[in-house]
Amino acid sequence: MSPTFVTPTTDALALTLEPSPVPPLAPPAYTATPPITAKPAAALPTKPSPTLPPTITPDNLPQIIGYSYEGRPIYSYRFGSGPIPIVFVGGIHGGYEWNTILLAYQAMDYFAAQPYRIPTNVTIFIIPVANPDGLFAVTQKEGRFLVEDLAEDTFPGRFNGRNVDLNRNWDCQWSATAVWRNQPVSGGSQPFSEPESRALRDFFLEKRPALVLFWHSAANGVFAAGCPETDGHSRQLATIFGGASGYPVYERFTYYLVTGDAGDWLSTQGIPSISIELKTHEALDWKENLAGMLTLLAHYNKHLQ
Ligand SMILES: [Zn+2]
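Residues numbered from 1 in each chain as written. Predicted model: local features only at pLDDT ≥ 70, side-chain atom pairs only at ≥ 80, totals over all residues.

(A) Just the sheet that holds strand S4 (residues 122-127), in detail. A sheet is described by the order of its strands in space; here eight strands give the open sequence S1-S2-S4-S3-S7-S10-S8-S9, paired in mixed fashion. Bordering the open sheet on either side are strand S1 (63-67) and strand S9 (249-250), each of which pairs with just one other strand. In the sheet, strand S7 (residues 211-217) pairs with strand S10 (residues 273-278) via six bridges, with the strands oriented parallel. Bridged to Trp215 within S10 is Ile276. This element, helix H2 (residues 98-113), spans strand S2 (73-79), strand S3 (84-89), S4, S7 and S10 of the sheet and lies at about 135° to S7. (Pairing = 2+ DSSP bridges. Helix = DSSP H or I, 4+ residues; strand = E, 2+ residues; numbered from the N terminus. Contact = placed C-beta atoms within 7 Å. Axes fitted to C-alpha atoms, helices over the stretch in contact; angles between N-to-C directions.)

(B) A look at the pairing of S7. Across the seven residues of S7, seven count as buried, placing the element largely inside the fold. Burial along S7 is two-sided: Leu211, Leu213, Trp215 and Ser217 facing one way and Val212, Phe214 and His216 facing the other are all buried. (Buried ≥ 20, exposed ≤ 12 C-beta atoms within 10 Å, placed from the backbone.)

(C) A look at the environment of Gly134. Tracing the backbone through its elements, the reader meets Gly134 in helix H3 (residues 132-139). Between the C-alpha atoms of Gly134 and Val164, which are 30 residues apart in sequence, the distance is 10.0 Å. Aside from chain neighbours lying at most four places away, what touches Gly134 is His93, Gly94, Gly95, Tyr96, Gly157, Arg158, Phe159 and Asn160.

(D) Main features of the nonpolar core. Ranked by internal contacts, the top residues of the largest apolar core, which has 70 residues, are Val89 and Ile274. For this core, the element with the most residues is H2, which contributes 10 residues. If we skip the residues at most four places from it in the chain, Val89 touches Ile127, Ala130, Val212, Leu213, Phe214 and Trp215. (Core = buried A, V, L, I, M, F, W, Y, C linked by C-beta atoms within 7 Å.)

(E) Examining helix H5 (residues 232-245) more closely. Helix length check: H5 (14 residues) gives 20 Å between terminal C-alpha atoms against 20 Å at 1.5 Å per residue, within 8%. Within H5, the full set of buried residues consists of Ser234, Arg235, Leu237, Ala238, Phe241, Gly242, Ala244 and Ser245. One or two positions beyond H5, positive phi appears at Gly246, with a value near 90°. (Expected span 1.5 Å × (residues − 1).)

Okay, here's the thing in C-alpha cells:
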C-alpha cells in the first residue's frame, strides 16, 4: 500500500457513495446501530417483488454469529428468503483488506434498496467484517468506517487480536506456522483455535450454503477452492463469476503455499467456495463484483426453474 491515500481515497469514496441512496459515510450516520435499519423511507426499494415485502424487515437485521478474540461481535445480514442460501464474506483479513469490507457494505446497501434483484429461491447472507479485531486495529472503529479513519499502516489489521491469520486457521493442510507472501504468519495453535473461525465454521455448517464467496485483495482474480485438488463445483462457480466480472479465473492460488484456507476447508464439507481477489487494496471494483453477483444469482434462479 502506498503511504498516502489521496487517489485511492477519492475512488473508494466515490464508488461507495454513488449508487447508495443514503449517505452512509456521513459522520452522523455512523452509530452502533446496524446501518441497514437506519435507512430513511426514501431508501426503500421502488420496485419490490410481489413475493418480497416492500419495506426493510427484521430479516435485514443483523444476526450475531459469534465474537472475535477481543470480544467484538461478528454480524451476518440476511437478504431475501428463498431456500438456497449463499454467503458473501468480507474482511477476513480485517483492516489490511479494508476495501473488501466497504465492498460488502455496498452490496448490503444495494440488496436492501433493490431486494427484487434477489431471486425468490435464494437467500443472501452477507458477513461484512469477518475479522473485526483487524478492522479495529486500523480504524479504531467497529462496523462502518470512513477511508479517512484508516491508519497509514494497515498491515497489523490483517490479523485478529491474537495475531493469528484467520485464513490460515482452517482444517485443510493446516500448519501452525503459515506463509503470507514471503514471511511466516501464525495459523493458530490448532485448526479452529480462533473464535472467529469457529463462528464462521458453525454458521456455514448450519446454513449449508450453495456457495460461500470470500472477498480478498489484491491479487486480481477469481480462485476456486479445493483440498488438495480443485473442487469441481467451486471451479464451475468461479468460471461463472469470472466470466461476468472480467476477473481472470484461476484453478488454485499458487503464488505461495496457503495452508488452513477457509474456502479449501469448506470444499471438504461439500460446500463450494470461491475467493475474489480485488485488483488493488483501495478500489472496490463495484461494477465487476455486481456483475459477478447478479450472474451468480441468475445461475441459481435458472437452476431450479
Ligand atoms: Zn486476504
